[in-house]
Amino acid sequence: SQQGEEDPQALSIQEGENATMNCSYKTSINNLQWYRQNSGRGLVHLILIRSNEREKHSGRLRVTLDTSKKSSSLLITASRAADTASYFCATDASGGSYIPTFGRGTSLIVHP
Amino acid sequence: GAGVSQSPSNKVTEKGKDVELRCDPISGHTALYWYRQSLGQGLEFLIYFQGNSAPDKSGLPSDRFSAERTGGSVSTLTIQRTQQEDSAVYLCASSLGGARETQYFGPGTRLLVL
């Protein structure tokens, strides 16, 4: 079963708006990572947040982690058409095999 | 430096044939992973190599799938007697250290089994 699940499955917004995607997971984790995948390409790492961190920023990206709710959110501010892609969270279960488990992703479309 | 490369980028084969997919990880990366991604789906873990340790094969879907990593670098994923349900994008990734570190992905091989 999937460890991480993204929500919503699809998100359509206008350029300039903020986009928020959520990831929920089931077991305790060591860290959580967000990746981006453009159509027909491999995944690109965006940001890693450790279990003892609550928030992290990278440019227009803001990631939060709530271990009590077993959830994370990825916020993209002032979105651009170039942000159109699928976004995946990957969790690394503590005490487990350490293999990152990916969700099915959120498909984001940013209309110019 | 160069990223992770995969070949071929596309492969069309007939049901029942064997295929080999190649992955060249980033130089110096000790960990290498294979994933499978079906249309509109997430990544399905297949196999993980870490240094000289025995690979974690827990994700291989059947004994038709195998992989090897020669000299701690290049890896080949082999699918024997391909089936139509094997059609997917096969992604390879490498990381500098263990499985908890950032993975760097190749562009994938699109496999279509007719």
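The paragraphs below set out a description of the structure included in this document. (Residues numbered from 1 in each chain as written. Chains lettered and ligands numbered in written order. Predicted model: local features only at pLDDT ≥ 70, side-chain atom pairs only at ≥ 80, totals over all residues. Heavy atoms only, no water.)

1. Digging into the state of the cysteines
Working definition of a disulfide: a covalent bond connecting the sulfur atoms of two cysteines.
Line of reasoning, step 1. Per the stated rule, a full pass over the model turns up two disulfides over all chains.
Line of reasoning, step 2. Here Cys23 of chain A connects covalently by a disulfide to Cys89 of chain A, the sulfurs 2.0 Å from one another. Around the S-S axis, the bridge from Cys23 of chain A to Cys89 of chain A shows a dihedral of about 65° and counts as right-handed. Taken as a pair, Cys23 of chain A in strand β3 (residues 19-25) and Cys89 of chain A in strand β9 (residues 85-93) lie far apart in primary sequence, 66 residues in all.
Line of reasoning, step 3. Each disulfide pairs two cysteine sulfurs, and for Cys23 of chain B the partner residue is Cys92 of chain B, the sulfurs being separated by 1.8 Å. Looking along the S-S bond of the Cys23 of chain B-Cys92 of chain B disulfide, the torsion reads about -65°, which is the left-handed sense. (Disulfide = S-S within 2.5 Å. Helix = DSSP H or I, 4+ residues; strand = E, 2+ residues; numbered from the N terminus.)

2. Remarks on the pairing of strand β3 (residues 19-24) of chain B
Residue and element names in this part refer to chain B.
Line of reasoning, step 1. Every second residue of β3 is oriented toward a common face, the buried set being Val19, Leu21 and Cys23 and the non-buried set Glu20, Arg22 and Asp24.
Line of reasoning, step 2. As judged from the three bridges shared by strand β1 (residues 5-7) and β3, these two strands associate in the antiparallel manner. Bridging across to β3, Gln6 finds its partner in Cys23.
Line of reasoning, step 3. Alignment of β3 against strand β7 (residues 75-79), held across five bridges, turns out to be antiparallel. Bridge pairing in β7 places Cys23 opposite Ser75. (Buried < 20%, exposed > 50% of the residue type's maximum accessible area, 1.4 Å probe, protein only. Pairing = 2+ DSSP bridges.)

3. A short note on the interface of chain A and chain B
When the parts of a complex come together, some accessible area is lost, and that lost area is often used as the size of the interface.
Line of reasoning, step 1. Residue-level contacts link 23 residues of chain A with 19 residues of chain B.
Line of reasoning, step 2. Of the roughly 1,600 Å² buried between chain A and chain B on both sides combined, carbon and sulfur atoms contribute 53%.
Line of reasoning, step 3. Inspection of the region where chain A meets chain B yields zero salt bridges.
Line of reasoning, step 4. There are two residue pairs in polar contact (both at pLDDT 80 or more) connecting chain A and chain B. (Contact = heavy atoms within 4.5 Å. Buried area = accessible area lost by both parts, 1.4 Å probe. Salt bridge = Lys/Arg side-chain N within 4 Å of Asp/Glu carboxyl O. Polar contact = N/O pair within 3.5 Å; in protein donor to acceptor, adjacent residues only side chain to side chain.)

4. Re the side chain of Asp56 of chain B
Line of reasoning, step 1. Residue position: Asp56 of chain B is located in the loop between β5 (43-50) and β6 (65-69).
Line of reasoning, step 2. Despite being buried, Asp56 of chain B has no salt bridge partner; Lys57 of chain B is the closest side chain of opposite charge, sitting 9.7 Å away. (Lys, Arg positive; Asp, Glu negative; His and termini not counted.)

5. Things to note about the pattern of salt bridges
Residues and elements named next belong to chain B.
Line of reasoning, step 1. Tallied over the full model, the rule gives eight salt bridges over all chains.
Line of reasoning, step 2. Of the charged contacts in the structure, one is a salt bridge between Arg22 and Asp24, with a shortest N-O distance of 2.8 Å.
Line of reasoning, step 3. We classify Arg22 as partly exposed; its relative accessible area is 37%.
Line of reasoning, step 4. In this structure, the salt-bridge partner of Asp86 is Arg64, at a minimum N-O distance of 2.8 Å.

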